[in-house]
Amino acid sequence: MSSNIQTYSQSYFASCAVGLEEVLSKEIQALGGKKATLERGGVEFKGPEITAIKVILNSRTASRVYKKLYSSPIRTEKNVYDMSRSIPWNSVFSLEQTFKIKTLIGYGIQTFYPDSFKNSVYLSQTLKDGIVDFFKSKFKDRPNVNTEKADINLLLRISISNKDKFLLTASLTASVFMDLCGNSLHQRGYRITAGEAPVKENMAAGIIKLMEWDQEKDLFIDSMCGSGTFLIEAALIKADIPPSFLKVMKFSKNPELRPWIFLGTNFFLNNPALKEEFNNEILSCKQRIEDGYKKLRAEEPKIFGFDINTDTIRACAENISAISLSEAIKVKQIDATKLKWEGEEKGVVFCNPPYGERLGGANANSASGGWRGPGSSDENEKLKKLYFEYGENLKNNFKGFKAYVFTGNPELKDSISLAPSRKIPLFNGPIECRLLKYELY
């Protein structure tokens, strides 16, 4: 193997939505991760193998967790092949296992390399060619690619390692990671029915963790609750139930299901001590699930969801009922602009209103609308009216609450006649959004 290639044994990268990096870093450190380094869209960290598995099972905001395998400085795309050709891939996977590759080209690279590193598909192919040629030279055979459901998922990241002080040149690093998750961690498994443009589960959890919500004392109200994602994530946070709870329970009943891809990798299979630590972590998660459900059932409900749409609120109730949380989360059909809270308890009132041009024609004041552009002037006027009336209702009927609005349309937020005390930038997929906080006196 070339001396330019660095090998890693206890380094990992956890990806997340852009804007949630600090939240994810705190989670990772609480789970034992060391030297957490924030990058755009994720966190690199170090620690023993069980730390990465704990992040997979317990992180509420991570999308995926990757094990870092190798890195090398590069200057051209051909250097990716040279690196790949000299890596001992048989230590990562066998001839009998299938593999696939995804490539991410780092933020800002085109500034320094405008004529190169444009095509992620070509770079994936280049890495694949090096893998195939390594196996052929060593074993006279090659493993197969499976783009649908491979045994091993590899990630190639091309990133800027350093820039000169005049911002004229940059050094690049190619790093190879192995996905330890398989399916994205946002796929908790509890959403039987979803709206037309739902926020992903891990994004919802991250937004909640950015709020100043005292989960022991405060109410949590989602005034346009859609299919219930924010409500369910709030309940899981409140009760300290791991976000992987459904996968943990299914795996406990049938380990052959392998809900996480690392269970079939050399990384896991050749490490008896790690297997034991994993089994202990599964037992710990099961205990937290049991304790969490007991906690929620023993307390008066403090999590409430409302939506104007009949079908939406029915879907929300079905999702909540399917995971036995109906006692902890109460939902009701009502217009968010007419919603009142008359109890003495206070807390957080949240809203994820439609952003603009709706996906699928959802009701204007239902959370199941998404945004993909300015939309018609008539629709924009309706949405401005919705935002204005919602803001007026907050002022009149939620005094003493902390209000949060998550929106991807900067123009519509100005229709709320309240001054936000905080504006948190986030990306919901490709859409730049803001989480706005309002103090209601």
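Use the structure listed above.
Along each chain, residue indices are assigned from 1 in the same order as the chain's sequence is written. Reporting in this predicted model follows two pLDDT cut-offs: at least 70 for local features of residues, and 80 or more for side-chain atom pairs to be given and counted; totals over whole chains, interfaces and linings ignore these cut-offs and use all residues. Think of the side-chain values as coming from all heavy atoms in the structure, minus any hydrogens and water.

**Examining the packing of aromatic side chains**
Each aromatic ring pair is characterised by the separation of its centres together with the angle its planes make. Pairs were defined over the aromatic rings of Phe, Tyr and Trp, the Trp ring being its six-membered one, requiring ring centres within 6.5 Å. Orientation was assigned from the angle between planes: stacked under 30 degrees, edge-to-face over 60, tilted for the rest. According to the stated counting rule, one finds 20 aromatic pairs in the structure shown. Ring geometry for W213 and F220: centres 5.3 Å apart, planes at 55°, overall tilted. Taken together, Y70, W89, F93, F99, F134, F135 and F139 form an aromatic cluster joined through their ring pairs. Any Lys NZ or Arg CZ found within 6 Å of a ring centre and within 35 degrees of that ring's normal is scored as a charge over the ring. The ring of F427 carries the charged tip of R40 above its face, separated from the ring centre by 5.6 Å. One Lys or Arg, R157, reaches over the ring of F13 and ends 4.4 Å from the middle of that ring.

**A closer look at unusual backbone geometry**
Here K140, not a glycine, exhibits a phi torsion of approximately 60°, which is positive. In DSSP terms, a helix is any run of H or I states spanning at least four residues, a strand is any run of E spanning at least two, and both are numbered starting from the N terminus. The residue K140 is located in the loop between α5 (120–139) and β7 (152–163) in this model.

**With respect to the packing of helix α8 (residues 245–253) against helix α10 (residues 272–298)**
Between α8 and α10, the least distance of the axes is 10 Å, while the angle of their chain directions is 120°. Relative to α10, the element α8 lies oblique. Judged by the sense of rotation from one axis to the other, the crossing of α8 with α10 is left-handed. Together, F245, V248, M249, F251 and S252 of α8 and F278, I282, C285, K286, I289 and Y293 of α10 make up the contact between the two elements. Side-chain classes follow a simple rule in which Ala, Val, Leu, Ile, Met, Phe, Trp, Tyr, Cys and Pro form the nonpolar group, Asp, Glu, Lys and Arg form the charged group, and the remainder, Gly included, forms the polar group. In terms of residue class, the contact of α8 with α10 is made up of 9 nonpolar, 1 polar and 1 charged. Axes here mean lines fitted to C-alpha atoms, for a helix over just the part in contact, with angles spanning 0 to 180 degrees between N-to-C directions. For classification, angles of less than 35 degrees are called roughly parallel, those exceeding 145 degrees roughly antiparallel, those between 65 and 115 degrees roughly perpendicular, and all remaining angles oblique. Two helices that cross are described as forming a left-handed crossing if the nearer one is turned anticlockwise from the farther one by less than a right angle, and a right-handed crossing if clockwise. Contact between two residues is taken to exist if any of their heavy atoms lie within 4.5 Å; hydrogens are not considered.

**Let's talk about the sheet that holds strand β14 (residues 422–428)**
Pairing between two strands requires that DSSP report at least two bridges joining them. As summarised here, the arrangement of the 7 strands in space is β11-β10-β9-β12-β13-β15-β14, forming an open sheet in which the pairing is mixed. This sheet does not close on itself; its edge strands, each paired only once, are β11 (329–333) and β14. Ignoring which end each strand starts from, the neighbouring axes of this sheet average 20° apart. Where strand β13 (residues 402–407) lies against strand β15 (residues 431–439), 6 bridges are found, and the strand directions are antiparallel. Looking at β15, one finds that K402 is bridged to E439. Strands β9 (219–222), β12 (347–351), β13, β14 and β15 of the sheet are contacted by helix α6 (residues 201–210), whose axis makes an angle of about 170° with β14. Relative to strand β10 (residues 303–307), helix α7 (residues 229–239) is tilted by about 175°, and along the sheet it contacts β9, β10, β11 and β12.

**A few points about the pairing of strand β4 (residues 42–46)**
Partly exposed residues are those whose accessible area sits between 20% and 50% of the maximum for their type, while under 20% is buried and over 50% is exposed, using a 1.4 Å probe and protein chains only. Counting buried positions over the 5 residues of β4 gives 4, a clear majority of the element. Pairing geometry for strand β2 (residues 11–15) and β4, over 5 bridges, is antiparallel. Residue pairing for β4: F13 is matched across the bridge by E44. What sits between strand β3 (residues 34–39) and β4 in their antiparallel hairpin is a turn of 2 residues, with G41 showing a positive phi close to 85°.

**Regarding the environment of R288**
Of note, R288 is situated in helix α10. Separated by 48 residues in sequence, R288 and D240 place their C-alpha atoms 6.8 Å apart. For R288, the contacting residues outside a window of four places in its chain are N58, R60, A239, D240, I241 and P242.

**What to know about the packing of α6 against α7**
Remark: α6 packs on α7, axes separated minimally by 9 Å, with the N-to-C direction vectors making an angle of 60°. Once α6 is placed against α7, the crossing between them reads as right-handed. The residues of α7 that touch α6, namely those facing E201, A204, A205, I207, I208 and K209, are T229, F230, E233, A234 and I237.

**Here we look at α8**
Looking at α8, one finds that the buried residues are F245, L246, K247, V248 and F251. Its buried side turned inward, α8 meets α2 (49–58), α7 and α10.

**Examining the state of the cysteines**
The disulfide definition used here is simple: a pair of cysteine sulfur atoms within 2.5 Å. In the structure shown here, the tally under the stated rule is 0 disulfides. Between C16, a cysteine without a disulfide, and C181, which holds the nearest cysteine sulfur, the sulfur-to-sulfur distance is 13 Å. With relative accessibility at 9%, the residue C16 sits in the buried group. Unpaired in this structure, C433 has its nearest cysteine sulfur neighbour in C351, at a distance of 13 Å.

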